[in-house]
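Each chain is listed here by its residues.
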Amino acid sequence: MKFFLIKYGFPIFWILLLPFCMLITSIKFAENPPKYRNIRYQWSGYRFGRAGRSKETWEFSQRYFFAIEQWISFFEILGSIAAIIKWWERILLISFQLEVIAVQLVLLLIPAIPTEIMLHKLFDKNGKEKSGFK
């Protein structure tokens, strides 16, 4: 058992580290999103295109992005476990670990697409709510 943990535990840890960190931070930020232009957390939260145009766009984008991110990170954990099980004989290869982590990094950015689409639908270019939407 000790040999198994030493040999296989480290690669499994690195493959599952990013999805678990994504899940934990998305839960944290969904419950308590970063405040608008907060200096203390200047690199945290959703900070793409339309998010910082007004306080309303900021609050909406934080809630929307991290709600999607929770689901994606949950399925990313399941997908990573499935990849570990399916390609068990490749688990010790660095190239396999990097391939899985590269896919995880791409999936990290996917919630930005629907968030920007919703910001475009609900808010104008100045960050004011469009009429007819509530």
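This text follows the structure it describes.
K.L.:
Can you lay out the overall build of the protein for me, pointing to particular residues and giving the numbers?
P.N.:
Scanning the protein for helices and strands turns up four helices and zero strands. Order of helices (α) and strands (β) in the protein, N terminus to C terminus: α-α-α-α. Taking the contacts inside the protein whose residues are at least 6 apart along the sequence as the reference set, 69% of them involve residues at least 24 apart. Summed over all atoms, the accessible surface of the protein reaches about 8900 Å², with 71% contributed by carbon and sulfur.

K.L.:
Go over the side chain of Gln97, please, and point to the residues and values.
P.N.:
Summarising the element assignment, Gln97 is placed in helix α3 (residues 94-109). When residues no more than four places from it in sequence are discounted, the contact partners of Gln97 are Pro11, Ile15, Ile91 and Leu92.

K.L.:
Residues and numbers for a nonpolar patch on the surface, please.
P.N.:
Side chains of Trp71, Phe74, Phe75 and Leu78 sit close together on the surface and give an oily, nonpolar patch of about 460 Å² of accessible area. Within the secondary structure, Phe75 is located in helix α2 (residues 55-86).

K.L.:
Go over the environment of Phe20 with me, naming the residues and quoting the values.
P.N.:
Looking at the secondary structure, you find Phe20 in helix α1 (residues 2-31). Under the relative-accessibility criterion, Phe20 is labelled partly exposed at 38%. As a C-alpha pair, Phe20 and Glu76 span 56 residues in sequence and 8.9 Å in three-dimensional space.

Each value, and the rule that gives it
- Residues numbered from 1 in each chain as written.
- Predicted model: local features only at pLDDT ≥ 70, side-chain atom pairs only at ≥ 80, totals over all residues.
- Heavy atoms only, no water.
- Helix = DSSP H or I, 4+ residues; strand = E, 2+ residues; numbered from the N terminus.
- Contact = heavy atoms within 4.5 Å.
- Areas by Shrake-Rupley, 256 points an atom, 1.4 Å probe, with all protein chains shown as cover.
- Patch = residues over 30% accessible without salt bridge, like charges linked within 9 Å, V, L, I, M, F, W, Y side chains within 5 Å.
- Salt bridge = Lys/Arg side-chain N within 4 Å of Asp/Glu carboxyl O.
- Buried < 20%, exposed > 50% of the residue type's maximum accessible area, 1.4 Å probe, protein only.

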